[in-house]
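Residue-level listing of the chains:
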Amino acid sequence: MPSVPQFALVDVNNFYVSCERVFNPKLEGIPLVVLSNNDGCAVARSNEVKSLGVKMGTPWFKMKHFARQHGIVTYSSNYSLYGDMSNRVVATLRTFTPDLEVYSIDESFLRIETVASLYGGAIPMGQQIRQRIRQWTGLPVCVGIAPTKTLAKFANHLAKKHSAFDGVCDLHALTHPERLAWMLRIEVGEIWGIGPKIAQRLHAMGIHTVLDLYRASSKTMRAQFSIVMERIGHELHGIPCLELEDVQPRKQILSSRSFGAPVESLEALREAVASYLATAAEKLRRQQSVAGAVHVLLMTNRFKEHEPQYNPSITIPLNEACDDTLRLTAAALKGLEAIYRSGFYYKKAGVILTLLSDKAQRPVSLFDDATTHKKSEKLMVTLDVINRTFGQGTIRSAACGIEQPWAMRAESRSPRYTTRWDELPAVQ
DNA sequence: TCTGGGGTCCTAGGACCC
DNA sequence: TCTGGGGTCCTAGGACCC
């Protein structure tokens, strides 16, 4: 049995952009961006857009003119579609091995050392993964393979950026001098866990490339930075410090949105907070947790420096932890009323469910009323089933409002092709 | 006019205890 | 003039990820 671990990182290329192209092949080869919520920033860019020099996170209003000049096509984000496509990719990966960690909406880590030989080795297995995902979902992926997760991320970066790898880079297959040569070519900030701040400090210490970091003393790194950096150092040397992780229930659940236009009135804020809370509570029940407290926050527009700023927040503890939307809504609105001040233009509101615990182990308080409990239980199950079947918000509390004039902008969202019967793609 | 949303982990520092 | 030592717990803030 091989004793060296082999991690494979499978990552969809330009995920949101690729999802749009699956259902609209005319977009192939055309410069394309997908915008964040509220049509705020560019969060996904096709290769054509990347080579035009548009950076990740560029505010849309700043690039609108440039986009028109270069024929860039834009879409609002369509999370129903991306979430569903993501599930299909993961289901496809599970046909290769159950030993898998879903790391993000478009990335999964696999342990492949025990199964790679079934496919004729790691690289042929990587190629079959690419081929099968392309055939079953229409999405392009790249695969990085290495003895640690950090190196697998690095290998994936190489597979993406250098066509010589044909979409699959296995670091085991390179000689030691070849690996060092690649490390010399890549900037240290590309390494998983090295963000802009730490990259800057590393530069100041004369560490510019991955190779520089690879050669730095782990003692110095531990002293200058934290245990996280020491771990990165070990991982770069092929000593695994990170294992595949099981899905853990969230420790907090946040739901927040910027408004389509500034909001002043308490009434509108009440609707928004109630709506966000409904989303968060649905996620809470899905992971079978109960919340012990509700945190509510408001924000004014931080980019308008001349306008008065006010960013209050408050935590409302609950007498007993629960997952009931109506009771959580009451707590959230109580919090909102406590922090609301008139005379400000609010840009964003949010709720965070915290002090989460396993519902099955929920402590029963002295004042627990079994009848009320059962009713709430039934009501929430019914609510979730209806909303899952007929679409989010089909049944909601009256506090969420009807017109919702504060709702975010999404001016060019594609149809939810795979999750709504009335938006199925038509074939001509 | 227009600038996203949802997470985790680590550390430092303060409160508090004996 | 001169004011201990050792521990835990909690929180806020900062860093990172996608």
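Use the structure listed above.
Since the structure is predicted, the reported quantities are computational estimates derived from the model, not experimental observations.

### Quick look at the protein's contact with DNA strand B
Okay, so step 1: In the neighbourhood of DNA strand B, 27 residues make up the surrounding shell, with Ser36, Leu254, Ser256, Ser258 and Lys347 lying closest.
Okay, so step 2: Near the protein, within 4 Å, the atoms of DNA strand B are sugar or phosphate in 74% of cases.
Okay, so step 3: One of the side-chain N or O atoms of Lys251 is found 2.8 Å from a phosphate oxygen in DNA strand B.
Okay, so step 4: Those elements that place two or more of their residues in the surface near DNA strand B are helix 11 (227–236), strand 9 (253–263) and strand 12 (346–354).
Okay, so step 5: Ranked by residues supplied to the surface near DNA strand B, first place goes to strand 9 with six residues.
Okay, so step 6: Taken together, the residues of the surface near DNA strand B sort by class into eight nonpolar, eight polar and eleven charged.

### Structural notes on the environment of Ser258
Okay, so step 1: Its location among the elements puts Ser258 in strand 9.
Okay, so step 2: Separated by 87 residues in the primary sequence, Ser258 and Leu171 have C-alpha atoms spaced 43 Å apart.
Okay, so step 3: Every residue in contact with Ser258, bar those within four places of it in the chain, is listed here: Asn38, Lys347, Lys348 and Met408.

### Points about the sheet that holds strand 3 (residues 42–45)
Okay, so step 1: With mixed pairing, the three strands of this open sheet are ordered in space as 3-2-4. Looking at the sheet topology across the chains shown, the edges are occupied by strand 3 and strand 4 (73–75). Across the sheet, the axes of successive neighbouring strands diverge by a mean angle of 30 degrees, strand direction being ignored.
Okay, so step 2: Alignment of strand 2 (residues 32–35) against strand 3, held across three bridges, turns out to be antiparallel.

### Considerations on the protein's contact with DNA strand C
Okay, so step 1: Taken together, 13 residues sit near DNA strand C, with Asp106, Lys153, Gly193, Gly195 and Ile198 positioned nearest.
Okay, so step 2: Among the atoms of DNA strand C close to the protein, meaning within 4 Å, 100% are from sugar or phosphate groups.
Okay, so step 3: Contacts to DNA strand C include Ser104, whose side-chain N or O atom sits 3.1 Å from a sugar or linking oxygen.
Okay, so step 4: One of the backbone N or O atoms of Pro196 is found 3.4 Å from a phosphate oxygen in DNA strand C.

What counts and what doesn't
- Residues numbered from 1 in each chain as written.
- Chains lettered and ligands numbered in written order.
- Predicted model: local features only at pLDDT ≥ 70, side-chain atom pairs only at ≥ 80, totals over all residues.
- Heavy atoms only, no water.
- Near = heavy atom within 4 Å.
- Polar contact = N/O pair within 3.5 Å; in protein donor to acceptor, adjacent residues only side chain to side chain.
- Helix = DSSP H or I, 4+ residues; strand = E, 2+ residues; numbered from the N terminus.
- Nonpolar A, V, L, I, M, F, W, Y, C, P; charged D, E, K, R; others polar.
- Contact = heavy atoms within 4.5 Å.
- Pairing = 2+ DSSP bridges.
- Axes fitted to C-alpha atoms, helices over the stretch in contact; angles between N-to-C directions.

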